[in-house]
Amino acid sequence: MTHATSQYTIAGQTVTMPVQIRTAEQHMAMFSVNADAAQAMIDYSGLTVCRYRPGKAVVVLMLMRYVDGDLGPYLEYGTNVMVNPPGSTATGLKAFGAAGAFIHHLPVDGEFTMAAGRQIWGYPKVLADFVIRDGHHYCFDASIDGQFAVGMDFAPGLPVPAMFTGKPQVHPTYSYLDGVTRRTSGQMIMSGVRYRPGGATVRLGSHPYGRELAALGFPKRAMFSGSARNVEMTFADAEEIA
């Protein structure tokens, strides 16, 4: 038996699933935040933040530079809140191991990827302008509608042997758009990975995205930060969650 391959028409172009990302660069930082504040921020999704410690949740801030993929080259910033699988109220570090990322903010600098992300997966992509400074410290600024929203500075981390990072990783992401919560399964393979304790500084602007992060206690010290010289990714169709 053969199964039909999903296809979408985006701005006159055909996108065939699964979407492949062949070359991308990642910079990320993980932060511990007040769980009640994080829950209030994402209550609209119907999902529950993962409380990895009493009263604490995890937010991951990430900058992706997509170089070669089915949606073209673009930059993307994400505010990701770690959440339990739908229906789960588990807590603790074991629960964190089963958590997925709910994508609360996702500005991008390309109209095609914005349209594809919203139509295919329900990702809350909006158009933004980015300024990148790639020196000893990797820095970016993201502005939306001419308003500075968020920026980050990353100090270089220590190389991690490929034997610990080169295996395929499967993580669900969750999204909410137009009254529908969705789950998307994806796979990634990372190379050239570096990690370090701390290592990331967050700068907030006056845009509502910045004010939402401020309500979580930002700017604050990262638990750890990391980068990947290359990330290969595969995105499947989204699944609507009742």
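In what follows, the structure referred to is the one given above.
Bear in mind the structure is a predicted one, so any value in this text is a computation, not a measurement.

Draft legend 1. Spatial organisation of the overall build of the chain. The helix and strand inventory of the chain stands at 5 helices and 15 strands. The C-alpha radius of gyration of the chain comes to 17 Å, within 12% of the 18 Å expected for a compact globule of 242 residues. C-alpha atoms of the chain, sized along the principal axes, occupy 50 × 45 × 40 Å. Looking at the chain residue by residue over its 242 residues, the buried ones come to 49%. Within the chain, residue pairs in contact and separated by at least 24 positions form 67% of the contacts whose partners lie at least 6 positions apart. As displayed, the chain has an accessible area near 11400 Å², and 54% of this comes from carbon and sulfur atoms. Across the chain, the mean location of the 19 positive side-chain charges is 11 Å away from that of the 19 negative side-chain charges.

Draft legend 2. Region of interest: the sheet that holds strand E14 (residues 200–204). Within the open sheet, the 4 strands sit side by side as E8-E9-E10-E14. Their pairing is antiparallel. For this open sheet the edge positions go to strand E8 (129–134) and E14, each flanked by a neighbour on one side alone. Strand-to-strand twist in this sheet, taken as the mean axis angle between neighbours without regard to direction, amounts to 10°. Judged from the 5 bridges that link them, strand E10 (residues 147–154) and E14 form a sheet pairing that is antiparallel. Bridged to valine 150 within E14 is leucine 204.

Draft legend 3. Seen up close, unusual backbone geometry. Methionine 17 connects to proline 18 through a cis peptide bond whose omega is -5°. Relative to the helices and strands, proline 18 resides in the loop between strand E2 (13–16) and strand E3 (19–34). Residues phenylalanine 218 and proline 219 are joined by a peptide bond in cis, for which omega reads -5°. Examined against the element boundaries, proline 219 turns out to sit in the loop between helix H5 (208–215) and strand E15 (224–241). Located in the positive-phi region is alanine 11, a residue other than glycine, with phi close to 50°. One non-glycine residue, aspartate 145, lies in positive phi territory at about 50°. Inspection of the secondary structure puts aspartate 145 in the loop between strand E9 (138–144) and E10. Residue class for aspartate 145 comes out exposed when judged on its relative accessible area of 73%.

Draft legend 4. Summary view of the packing of aromatic side chains. On inspection of all chains with the given rule, the structure shows 9 aromatic pairs. Ring pairing ties together the aromatic residues Tyr44, Phe102 and Tyr176, which thus form one cluster.

Draft legend 5. View of helix H3 (residues 111–121). Phe112, Thr113, Ala116, Gly117, Ile120 and Trp121 are the residues of H3 that are buried. End-on, the buried residues of H3 take up no more than an arc of 125°, which puts them together on one face. Looking at the residues trailing H3, positive phi occurs at glycine 122, about 70°.

Draft legend 6. The pattern of salt bridges, seen in detail. Going through the model one piece at a time under the given rule, you end up with 9 salt bridges. With a shortest N-O distance of 2.6 Å, arginine 203 and aspartate 141 are connected by a salt bridge. You can see arginine 203 sitting in strand E14 and its partner aspartate 141 sitting in strand E9, a full 62 residues away along the chain. A relative accessible area of 25% places arginine 203 in the partly exposed class. A relative accessible area of 17% means that aspartate 141 is categorised as buried. A single network of salt bridges, built from pairs that share partners, joins Arg133, Asp141, Asp153 and Arg203.

Draft legend 7. View of the side chain of glutamine 26. Tracing the backbone shows glutamine 26 in strand E3. Glutamine 26 sits in the buried class, given a relative accessible area of 7%.

Conventions used here
- Residues numbered from 1 in each chain as written.
- Predicted model: local features only at pLDDT ≥ 70, side-chain atom pairs only at ≥ 80, totals over all residues.
- Heavy atoms only, no water.
- Helix = DSSP H or I, 4+ residues; strand = E, 2+ residues; numbered from the N terminus.
- Rg over C-alpha atoms; globule rule 2.2 N^0.38 Å.
- Buried < 20%, exposed > 50% of the residue type's maximum accessible area, 1.4 Å probe, protein only.
- Contact = heavy atoms within 4.5 Å.
- Areas by Shrake-Rupley, 256 points an atom, 1.4 Å probe, with all protein chains shown as cover.
- Lys, Arg positive; Asp, Glu negative; His and termini not counted.
- Charge placed at Lys NZ, Arg CZ, Asp CG, Glu CD.
- Pairing = 2+ DSSP bridges.
- Axes fitted to C-alpha atoms, helices over the stretch in contact; angles between N-to-C directions.
- Phe/Tyr/Trp six-rings, centres within 6.5 Å; stacked < 30°, edge-to-face > 60°.
- Arc of directions from axis to C-beta.
- Salt bridge = Lys/Arg side-chain N within 4 Å of Asp/Glu carboxyl O.

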